[in-house]
Amino acid sequence: MAGSDRTPTWIVVGRTAEGITAARVDDAGAEIDRRAVADVTAWVGAVEAAAAPRWVWNDTPSWYDPLLAAGVRVSRCHDLRLSHAILRDSADVTDATALRAATEWDAAASDTTDVAPTLFDLDTTPGSALPDALDDVLAEFHRQRTALDAAGDRGRLRLLIAAESAGALVAAELRAAGLPWDAAAHDALLTEALGPQSAPGGVPRELERAAARVRDALGDPGVSLDSQPKLLRALHRVGVLAPSTSKWELSEYDHPAIEPLLEYKRLARLMSANGWAWLAEWVHDGRFRPVYVPGGVVTGRWASSGGGALQLPRQLRGAVRADPGWVLVVADVAQLEPRVLAAMAGDTALADAARGRDLYAGIVERGTLQTRAEAKIAMLGAMYGATTGDSGRLVPALRRSFPRAMALVDEAARVGEDGGVVTTRLGRTSPPPSMQWRAAQARAGEPDATEGDESRARRWARDRGRFTRNFVVQGTAAEWALAWLADLRGRLAALPPVSEPDAAPRSGTAFARHAHLALFLHDEVIIHAPAGQADAAAHAAVEAAQTAARLLFGTFPLDFPLDVRIAATAQKD
DNA sequence: TTCCCTGGCGCG
DNA sequence: AAAGCGCGCCAGGGAA
């Protein structure tokens, strides 16, 4: 790149007739220059090492997966697809007309489950339906800058977009590195519970035994236990008049078939969700590599696709096992959502109850409720909008003790019921109500509306109220977690690489010698680190939590304490 | 045959 | 204990 000696803050990449082309853009948004890049991987690696710009691209996995595969990491990016979705809907953006018109940017992300990303290969079609021509990419970048410049609170939106984009980098890196998974330990666990692996189509011994006990007790040797209607009929025939076959319904009944049936369900679940088939499909070379989907949930939480990364069963945590000479650092945030609620509401009473201790214990100490269990279900009920049962009964006590926090969620619910939108701490805004929803509300207001019209409108309004009530808390918690991840990622990358690669490094070239994130689960991370860096990694997680709190809530006096464990496996007690 | 819905259960 | 938020996945079963 000739000319300017200024550090290029932004480098926008896309296709032109010359191939992959990079345009440097200054802080004012003006293009400085552009150049065609033949060897993208080598060039990005060199520029990153020299200047660490913010890479601007249409979609992170399309660009970053091949870079990671070649061992190249970048520190910062601006993911146009994710940023588009945030800006398009944000209440802070006063005029989103241009963004809403650019519907091609609403296209789905590239499907990273396909092997062999093709973006660098000009002869094949791109792996994503998103625009990738440099001029289109620059135009979208410009639209987003314009929207941001005019935004009511551009500071927080910039923070959100940076955090969201950092999350996209983390997601790609998590997949590239993988979660260390001991297939032999997993197999042993399955064999212990189910008996030895059966031939294809066969039923493992313990599953068969439980099934036989159920059929015995039901006096029906042929009944199918996997078909809900058939099972329900069989239960009714022997006098178990449960309304469904859910385990919490069944456990209410006293019949010899219940205990083996619950056992059968437990084993069948293990077999179908995380059995040998799952192991063969998802664990290769000692690594579980799920697909994370940043921004996949309306609230801003991540989703996952394939392998059920975000449902890692407690039962299987023992199979998560560090490589020889390495350890796992498992860190999770205690009571993230109620802390987030206290901080965003500025509720000093709730913050006092939470500071430096278990939040629920603090509520009990304060005399608001009698037991920790009560405090917990009351708090969940307040955030989820419970109206009945134990939870609904206990919420009023919280309302008296923590009026500011409760007013925040109550107001979010009211706005949602009225058809309005609500916004998280950093400016992510809930989607507006659907046409169907609005039509139902309008219908109920007409003079000839039926009882049914009215009750449906009320029910849908309350449903939406519970959604917006929870959106502000869950969404802000997701932002806290993104900020935590982003900062932690940087701290881990700054640790020195270990001098000798592990005997058989399996984490991909970019991670074989570095402490790296290996799992993210809403309020928990697992770090895979060389044993000698375990303490440093744990320390980094704690410090990153403090940074995240400061970033979102400034000096509000509330901590976000972490539970940190250093061990060979990810087993929880 | 394929597609979509439901029930059920795992996770936060 | 099973009400109240957000997900993904599996199996069965009916629709297309």
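None of the values given here were measured: they were computed from a predicted structure.

**A look at the sheet that holds strand 7 (residues 283-284)**
Right, on to step 1. Judged by pairing direction, the sheet is antiparallel, and its three strands sit side by side in the order 6-8-7 without closing on themselves. Every other strand in the sheet has two partners, leaving strand 6 (179-180) and strand 7 as the edge strands with one partner each.
Right, on to step 2. The pairing of strand 7 with strand 8 (residues 287-288) spans two bridges and is classified as antiparallel. Looking at strand 8, one finds that H284 is bridged to R287.

**With respect to the protein's contact with DNA strand B**
Right, on to step 1. Contacts to DNA strand B come from 19 residues, most closely from Q228, T245, K247, R269 and D523.
Right, on to step 2. Sugar plus phosphate: this is where 79% of the atoms of DNA strand B within 4 Å of the protein reside.
Right, on to step 3. With respect to DNA strand B, the side chain of R301 contributes an N or O atom lying 3.1 Å from a base nitrogen.
Right, on to step 4. One of the side-chain nitrogen or oxygen atoms of D523 is found 2.6 Å away from a sugar or linking oxygen of DNA strand B.
Right, on to step 5. Elements represented by at least two residues in the surface near DNA strand B include exactly helix 10 (247-250) and helix 11 (258-274).

**Examining the environment of R289**
Right, on to step 1. Secondary-structure assignment places R289 in the loop between strand 8 and strand 9 (291-293).
Right, on to step 2. The exposure class of R289 is partly exposed, given its relative accessible area of 26%.
Right, on to step 3. Considered as a pair, R289 and G306 are 17 residues apart in the sequence and their alpha carbons are 9.1 Å apart.
Right, on to step 4. A distance of 2.4 Å separates the side chain of R289 from the backbone oxygen of A176, its partner in a polar contact.

How each quantity is defined
- Residues numbered from 1 in each chain as written.
- Chains lettered and ligands numbered in written order.
- Predicted model: local features only at pLDDT ≥ 70, side-chain atom pairs only at ≥ 80, totals over all residues.
- Heavy atoms only, no water.
- Pairing = 2+ DSSP bridges.
- Helix = DSSP H or I, 4+ residues; strand = E, 2+ residues; numbered from the N terminus.
- Near = heavy atom within 4 Å.
- Polar contact = N/O pair within 3.5 Å; in protein donor to acceptor, adjacent residues only side chain to side chain.
- Buried < 20%, exposed > 50% of the residue type's maximum accessible area, 1.4 Å probe, protein only.

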